[in-house]
Amino acid sequence: LQKILDFIWILFAGMAVIMFIVAGFLFLTANGEAGKLTAARSAVTWGIVGVMVGILAFSLPFVIRTTLGL
């Protein structure tokens, strides 16, 4: 089970990096257009939210095991 979780963590980290690269590309290609800048900011915001949720999801079992003393 731990090997599967390690693989999923690597996959998650890779997807997060890709998301931020895409958001950066959106910023670079926006050319000052308000709609495109809003979409780029939204991509960054949702990328950050996704990373936070992912970190919480992967750390929650550790916190539960530590709290219960398992």
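You'll find the structure just up there.
Residues numbered from 1 in each chain as written. Predicted model: local features only at pLDDT ≥ 70, side-chain atom pairs only at ≥ 80, totals over all residues. Heavy atoms only, no water.

Student: Please clarify how the overall build of the protein should be interpreted in this entry.
Tutor: When you go through the protein residue by residue, the secondary structure sums to 2 helices and 0 strands. Here the protein has a C-alpha radius of gyration of 17 Å; the compact-globule value for 70 residues is 11 Å, and the former is much larger. In terms of overall dimensions, the protein has C-alpha extents of about 55 × 20 × 10 Å along its principal axes. Taking the contacts inside the protein whose residues are at least 6 apart along the sequence as the reference set, 57% of them involve residues at least 24 apart. (Helix = DSSP H or I, 4+ residues; strand = E, 2+ residues; numbered from the N terminus. Rg over C-alpha atoms; globule rule 2.2 N^0.38 Å. Contact = heavy atoms within 4.5 Å.)

Student: Could you clarify how one ought to interpret the packing of helix α1 (residues 2-28) against helix α2 (residues 34-68) in this entry?
Tutor: The description of two helices packed together rests on the angle between their axes and the distance between the axes. Contact pair α1 / α2: the axes reach a minimum separation of 8 Å and the direction vectors enclose 165°. With respect to their mutual orientation, α1 and α2 come out roughly antiparallel. Every pair of crossing elements has a handedness; the one defined by α1 and α2 is left-handed. By residue class, the composition of the contact of α1 with α2 is 19 nonpolar, 3 polar and 1 charged. (Axes fitted to C-alpha atoms, helices over the stretch in contact; angles between N-to-C directions. Parallel < 35°, antiparallel > 145°, perpendicular 65-115°, else oblique. Left-handed = near helix turned anticlockwise from the far one by under 90°. Nonpolar A, V, L, I, M, F, W, Y, C, P; charged D, E, K, R; others polar.)

Student: What should I look at first to understand the environment of I10 in this one?
Tutor: Mapped onto the elements, I10 comes out in helix α1. Residues I10 and P61, 51 residues apart in the sequence, show an inter-C-alpha distance of 17 Å.

Student: What is the right way to read the packing of aromatic side chains from this model?
Tutor: When we look at a pair of aromatic rings, we describe it by the centre distance and by the angle of the planes. Counted by the stated rule, this structure contains 3 aromatic pairs. For the ring pair F12 and F58, a centre distance of 6.2 Å and an interplane angle of 40° mean the geometry is tilted. Residue F12 is located in helix α1, and its partner F58 is located in helix α2; the two are separated by 46 residues in the primary sequence. Looking at F58, the relative accessible area reads 27%, which means it is partly exposed. (Phe/Tyr/Trp six-rings, centres within 6.5 Å; stacked < 30°, edge-to-face > 60°. Buried < 20%, exposed > 50% of the residue type's maximum accessible area, 1.4 Å probe, protein only.)

Student: What exactly am I supposed to notice about unusual backbone geometry here?
Tutor: Across the chain, the bulk of peptide bonds are trans and the bulk of non-glycine residues have phi less than zero. The backbone of N31 sits at a positive phi, close to 55°, despite the residue not being glycine. Here N31 shows up in the loop between α1 and α2. Residue N31 is classed as exposed on the basis of its relative accessible area of 67%.

Student: Sorry if this is basic, but what is going on with α2 here?
Tutor: One turn of the α-helix equals 3.6 residues, which is why residues spaced by three or four share an orientation. With 35 residues, α2 should reach 51 Å at 1.5 Å per residue; the first-to-last C-alpha distance of 50 Å fits that figure. The sharpest bend along α2 reaches about 35° and sits at S59, with the proline P61 one to four residues further on. All of the buried residues along α2 are A40, A43, G47 and G54. Structurally, α2 contributes buried residues whose contacts are with α1. Backbone geometry just after α2 places G69 at a positive phi near 75°. (Expected span 1.5 Å × (residues − 1). Bend = angle between axes of the 7 residues up to and from the residue.)

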